[in-house]
Amino acid sequence: YFAARYFVRQWKANKALEYLALNGQKNENPTSIEAIQFLRENKYTVRYDILWRFVAGLLDAEGKAEKFFQAIKDEPHD
């Protein structure tokens, strides 16, 4: 839920997401990626399935889900 709130906050502000890449390497610097690019790369990733449900609900509650759903429909397709 909190990750979804962070995503929604960055999505609405058109700001990049910052996160720590947990790929086994010792890297303490945050990685940055645009929210739309993160969605494109991970919309079919199983581990983010619940996140996208929370994101859709949070955006819909504010009446701002249309852009999000359009991004899901856009390329790449499953």
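Above this text is the structure in question.
Summary of the structure given here. Quick caveat: nothing in here was measured; it's all calculated off a predicted structure. (Residues numbered from 1 in each chain as written. Predicted model: local features only at pLDDT ≥ 70, side-chain atom pairs only at ≥ 80, totals over all residues. Heavy atoms only, no water.)

### What to know about the environment of Gln 37
So, step 1. Relative to the elements of secondary structure, Gln 37 occurs in helix H2 (residues 35–42).
So, step 2. Taking relative accessible area as the criterion, Gln 37 reaches 30% and is therefore assigned partly exposed.
So, step 3. Sequence separation between Gln 37 and Ala 16 is 21 residues, and the spatial gap between their C-alpha atoms is 9.3 Å. (Helix = DSSP H or I, 4+ residues; strand = E, 2+ residues; numbered from the N terminus. Buried < 20%, exposed > 50% of the residue type's maximum accessible area, 1.4 Å probe, protein only.)

### So, the packing of aromatic side chains
So, step 1. With the rule as written, the count across this model stands at 12 aromatic pairs.
So, step 2. Seen from their ring centres, Tyr 1 and Phe 2 are 5.5 Å apart, and the 75° between their planes marks the pair as edge-to-face.
So, step 3. Note on Tyr 1: relative accessible area 46%, which makes it partly exposed.
So, step 4. Note on Phe 68 and Phe 69: the rings are 5.7 Å apart at their centroids and 65° apart in plane angle, and the pair reads as edge-to-face.
So, step 5. Take Phe 68: its relative accessible area is 0%, and that puts it in the buried class.
So, step 6. Through successive ring pairs, a cluster of aromatic residues spans Phe 7, Trp 11, Tyr 19, Phe 38, Tyr 48, Trp 52, Phe 68 and Phe 69.
So, step 7. The ring of Trp 11 carries Lys 67 above its face, with NZ or CZ at 5.1 Å from the centroid. (Phe/Tyr/Trp six-rings, centres within 6.5 Å; stacked < 30°, edge-to-face > 60°. Lys NZ or Arg CZ within 6 Å of the ring centre and 35° of its normal.)

### Digging into the pattern of salt bridges
So, step 1. On inspection of all chains with the given rule, the structure shows two salt bridges.
So, step 2. The residue Asp 49 makes a salt bridge to Arg 53 at a minimum N-O spacing of 3.0 Å. Within this pair, Asp 49 and its partner Arg 53 are both found in helix H3 (residues 49–61), separated by four residues, close to a single helical turn.
So, step 3. For Asp 49, a relative accessible area of 35% corresponds to the partly exposed category.
So, step 4. On the basis of relative accessibility, which here comes to 59%, the residue Arg 53 falls in the exposed class. (Salt bridge = Lys/Arg side-chain N within 4 Å of Asp/Glu carboxyl O.)

### Digging into the nonpolar core
So, step 1. Core analysis: the largest hydrophobic core is formed by 17 residues, its most contacted members being Phe 7, Trp 11, Leu 39, Trp 52, Val 55, Leu 59 and Phe 68.
So, step 2. If you list the elements that add at least two residues to this core, you get helix H1 (2–13), H2, H3 and helix H4 (66–73).
So, step 3. Sorting elements by how many residues they give to this core places H3 first, with five residues.
So, step 4. Beyond its immediate chain neighbours, meaning those up to four positions away, Leu 39 contacts Phe 7, Trp 11, Trp 52, Phe 68, Ala 71 and Ile 72. (Core = buried A, V, L, I, M, F, W, Y, C linked by side-chain atoms within 4.5 Å. Contact = heavy atoms within 4.5 Å.)

### Here we look at the packing of H1 against H3
So, step 1. Axis separation between H1 and H3 bottoms out at 9 Å; the angle between their running directions is 55°. What the angle tells us is that H1 and H3 run oblique. Crossing geometry of H1 relative to H3 is assigned as right-handed. When H1 is examined against H3, the residues Ala 3, Ala 4, Arg 5, Phe 7, Val 8, Trp 11 and Lys 12 are found in contact with a partner set consisting of Leu 51, Trp 52, Phe 54, Val 55, Leu 58 and Leu 59.
So, step 2. Taken together, the residues of the contact of H1 with H3 sort by class into 11 nonpolar, no polar and two charged. (Axes fitted to C-alpha atoms, helices over the stretch in contact; angles between N-to-C directions. Parallel < 35°, antiparallel > 145°, perpendicular 65-115°, else oblique. Left-handed = near helix turned anticlockwise from the far one by under 90°. Nonpolar A, V, L, I, M, F, W, Y, C, P; charged D, E, K, R; others polar.)

Note that every value here comes from positions in space, so none of it alone points to a role or purpose.
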